[in-house]
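Overview (structure and organization)
Each chain is listed here by its residues.
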Amino acid sequence: MSATSPSRSEQVPLAESAPREARESAAPAWRRSPPRWHGVAEALIKTTALVAIVAIVLIFVFIAAETLPLFTSHEVRAEVTPSTMAWKQTWGEAAARWSWQPASEIPKYSIAPLIIGSLKITVVAVLVGAPLGILAAIFTSQVAPRWLREILKPTIELLAGIPSVVIGVFALLVMATWTHRLFGLEHRLNAVVAGCALSLTIIPLVFTLAEDALSSVPKSFADASLALGASKMHTVLHVMVPAALPGIAAGVVLGFGRALGETMIVVMASGNAALVSWSLGVSTRTITATIAQEMAEVVHGSPHYVVLFALGAVLLLFAFATNVLAMRIVESFRRKRGGS
Amino acid sequence: MATIEPSQRSPGGEPRAAVLTAAPSPKLEVRGLDVFYRGEKGGETHALQDVTVDVFPREVLALIGPSGCGKSTFLRVLNRMNDTIPGARVAGKVLLEGEDILAKDYDVVTLRRRVGMVFQRPQPFPKSIFDNVAYGLRAHGLADKREITRRVEQALGRAALWDEVKDRLDAAALGLSGGQAQRLCIARALAVEPEVLLLDEPTSAPDPIATAKLEELIAELKADLTIVIVTHSMQQAARVSQRTAFFYMGRLIEVGATKQMFTRPRETRTEDYITGRFG
Ligand SMILES: Nc1ncnc2c1ncn2[C@@H]1O[C@H](COP(=O)(O)OP(=O)(O)OP(=O)(O)O)[C@@H](O)[C@H]1O
Ligand SMILES: [Mg+2]
């Protein structure tokens, strides 16, 4: 595919140049056909886009292929099936329950504790991070004087550049101690600590997108509101923020996706116990942390290996759904506003 | 230009204006107004130079002059909208019923409630038509839904937009045509019942029916409010205004009764402009 595309794009300018020369007699003398390198640049751009798309498709295919034995292989299905992953099992005991214990005598592969864990931590991260990011964006773009804005914006965006392992260490050593002293939660490492640490990664994301959205609202909107005798704050809350809402909402949803996929921080700060509990104060294990920690020890092709890929597929579906949701939100806001 | 001023303004006020308007004390007094904009590379544009003029209660003052002469700038000073332009600087005095509105601690929110403005480029909010007109009312703290509805309908009616939008008040205002958007902005400004209304080319959309209706409205509004209107149309200035001010290159060249301005202008530059020799 990529072998044919360059040769085709070389042909395009050649094919076009013949009739153009014929036309050129009527055109003014200064008019030239576009330079040759435009064609080359176009081919390069197309190839790059193609490579990106192919890479994404390959990842999908790879994960799907490795997950497939869960549905087809007898050997794997003797130990685990999609339905034993999803529903409560008795595991040879009296009461049915969900359990993630892949290394025990009877390997237990319930996905529920991991999904609950991922959602708990992600929701905490978004509930903490999104309001902070949005408020910081409103302050920076609408309220702060220019000199302060020029300090704040790069500083907050710098937060995105901190390696997640550093945030993980900070969470493990500092934040865990603080939250333990402040709230005295059940376990030292828990969903609150991990969620708060994760919020540090989504604050800059939400901030950047919200700030961009707010700054690109035309000044004439603010002027129109002020001229009607609305106060500065009323203008910000009733004109600027609503006009920027698609961008802000997209930022929050993308932040959700980012938090869901983040791995290193949750490995370090969540405590990693796969409990079936909605309590925020207990140790929590996420899908991502499970894949990261167990993939290294697993036997290639074993049921456990296949299950980890199934977890990856679930994660991918979640991420896909969040992105579709983000686009939907932006689209519906657009339609409601009408035009532009 | 300073030489024009004494002849325009005799010490005891403006006799011409006193004849035209019942109230002797001006609504707005502009004294020695200068406006500067920050240009590129640290320079400044002197957009208005030493402008002195009065606006009397319940009159329509038309501002005319070639493009870029400072008409919009002058309007924006009257409700302090120049504050929102970074680097804009204003010197001189503007008094609203004797109070200096350019004073640092003057409450601009209250000022803008009293002195409403319709911009040259209409900018509806990305909200419904209804919410656009209700915006100012709500911003001023009116919460009574029926009262809001009543005033919105009245304002749309006065701005000659009601018939066109009465069946789609919940539709997005950004879907309106240019001329409709302009009338929406007029309705929006009228809804909050200002004392002074600043109109920056309110009828630039070439729609004779809407224009006629708007001019009717201006004649009607004049009964209880003061209007300053910028217009590029000499005919419109002649039709709606009692007095006309001619701006040229940042200076107020001449201000006087509209009839006299259009028949016997004192300045040759005014005459040139009115008769279409430039601008
Ligand atoms: N925000 C601004 N920053 C810098 N210069 C400005 C700004 N607004 C206006 N000016 C300049 O000030 C002068 C007066 O502009 P103004 O908009 O008041 O003219 P106008 O008489 O309203 O013109 P028009 O009839 O075209 O609307 C012009 O030279 C213009 O370039
Ligand atoms: Mg103008």
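Quick word on the domain arrangement of chain A
Residue and element names in this part refer to chain A. Each assigned domain of chain A is listed here: domain 1 (38–87) and domain 2 (111–339). Centre-to-centre separation of domain 1 and domain 2, based on C-alpha positions: 26 Å. Across the contact, 11 residues belong to domain 1 and 12 residues belong to domain 2. Carbon and sulfur atoms make up 81% of the surface buried where domain 1 meets domain 2, a total of about 1,100 Å² over both sides. Together, I63, E66 and M85 form the three largest contributors to the area buried by domain 1 at its contact with domain 2, with a combined 46%. Linking domain 1 to domain 2 there are 0 salt bridges. For the interface between domain 1 and domain 2, the tally reads 2 residue pairs in polar contact (both at pLDDT 80 or more). Only α2 (36–67) and α3 (69–72) provide two or more residues apiece to the side of domain 1 that touches domain 2. Per element, the largest residue contribution to the side of domain 1 that touches domain 2 is 5 residues, and it comes from α2. A per-class count over the side of domain 1 that touches domain 2 returns 8 nonpolar, 1 polar and 2 charged.

Topic: empty space enclosed by the protein
A probe matching the size of a water molecule, rolled over the atoms, marks out where space remains unfilled. A complete count under the given rule lists 3 cavities of 30 Å³ or more for this structure. If you trace the largest cavity, you find it lined by A:A224, A:A227, A:L228, B:M117, B:V118, B:F119, B:R121, B:P122, B:Q123, B:C185, B:R188 and B:A189. Secondary-structure elements contributing two or more residues to the lining of the largest cavity are α10 (219–227) of chain A together with β6 (115–118) and α8 (178–191) of chain B. The leading source of residues in the lining of the largest cavity is α8(B), at 3 residues. Among the residues forming the lining of the largest cavity, the class breakdown is 9 nonpolar, 1 polar and 2 charged. Estimates place the volume of the second largest cavity at around 50 Å³. Forming the walls of the second largest cavity are B:R151, B:Q154, B:A155, B:R158, B:L190, B:A191 and B:E193. Among the secondary structure elements, those contributing two or more residues to the lining of the second largest cavity are α6 (145–158) and α8 of chain B. Sort the elements by how many residues they give to the lining of the second largest cavity and α6(B) lands first, with 4 residues. Looking at side-chain class alone, the lining of the second largest cavity contains 3 nonpolar, 1 polar and 3 charged residues.

A short note on the coordination of the magnesium ion (ligand 2)
A metal bound by six donors in octahedral fashion has ideal angles of 90 or 180 degrees, whereas one bound by four tetrahedral donors has an ideal angle of 109.5 degrees. Residue and element names in this part refer to chain B. Distances from the magnesium ion (ligand 2) to its protein donors, S72 (OG) and Q120 (OE1), fall within 1.9 to 2.2 Å. Taken together, the residues S72 in helix α3 (residues 71–78) and Q120 in the loop between β6 and α5 (129–139) connect sequence positions 48 residues apart. Residue Q120 is classed as partly exposed on the basis of its relative accessible area of 32%.

What to know about α6(B)
All names here are of chain B. Helix length check: α6 (14 residues) gives 20 Å between terminal C-alpha atoms against 20 Å at 1.5 Å per residue, within 8%. Residues of α6 that are buried include every one of E147, I148, V152, A155 and L156, and no others. Projection of α6 onto a plane perpendicular to its axis shows the buried side chains occupying an angular sector of 160 degrees, all on one side. Considering only its buried residues, α6 is in contact with α5, α7 (162–165) and α8. Structurally, the start of α6 carries an N-cap: the backbone nitrogen of R146 is 3.1 Å from a side-chain oxygen of D144. Downstream of α6 by one or two residues, A160 has phi in the positive range, about 60 degrees.

Parameters and conventions
- Residues numbered from 1 in each chain as written.
- Chains lettered and ligands numbered in written order.
- Predicted model: local features only at pLDDT ≥ 70, side-chain atom pairs only at ≥ 80, totals over all residues.
- Heavy atoms only, no water.
- Domains from an automatic or database assignment.
- Contact = heavy atoms within 4.5 Å.
- Buried area = accessible area lost by both parts, 1.4 Å probe.
- Salt bridge = Lys/Arg side-chain N within 4 Å of Asp/Glu carboxyl O.
- Polar contact = N/O pair within 3.5 Å; in protein donor to acceptor, adjacent residues only side chain to side chain.
- Helix = DSSP H or I, 4+ residues; strand = E, 2+ residues; numbered from the N terminus.
- Nonpolar A, V, L, I, M, F, W, Y, C, P; charged D, E, K, R; others polar.
- 1 Å grid on protein atoms, 1.4 Å probe; cavity = no way out; pocket = protein on both sides within 12 Å on 5 of 7 lines; lining within 4 Å.
- Points joined across faces, edges and corners; volume = space filled by probe spheres on them.
- Donors = N, O, S within 2.8 Å, 3.2 Å for Na, K, Ca; no water.
- Buried < 20%, exposed > 50% of the residue type's maximum accessible area, 1.4 Å probe, protein only.
- Expected span 1.5 Å × (residues − 1).
- Arc of directions from axis to C-beta.

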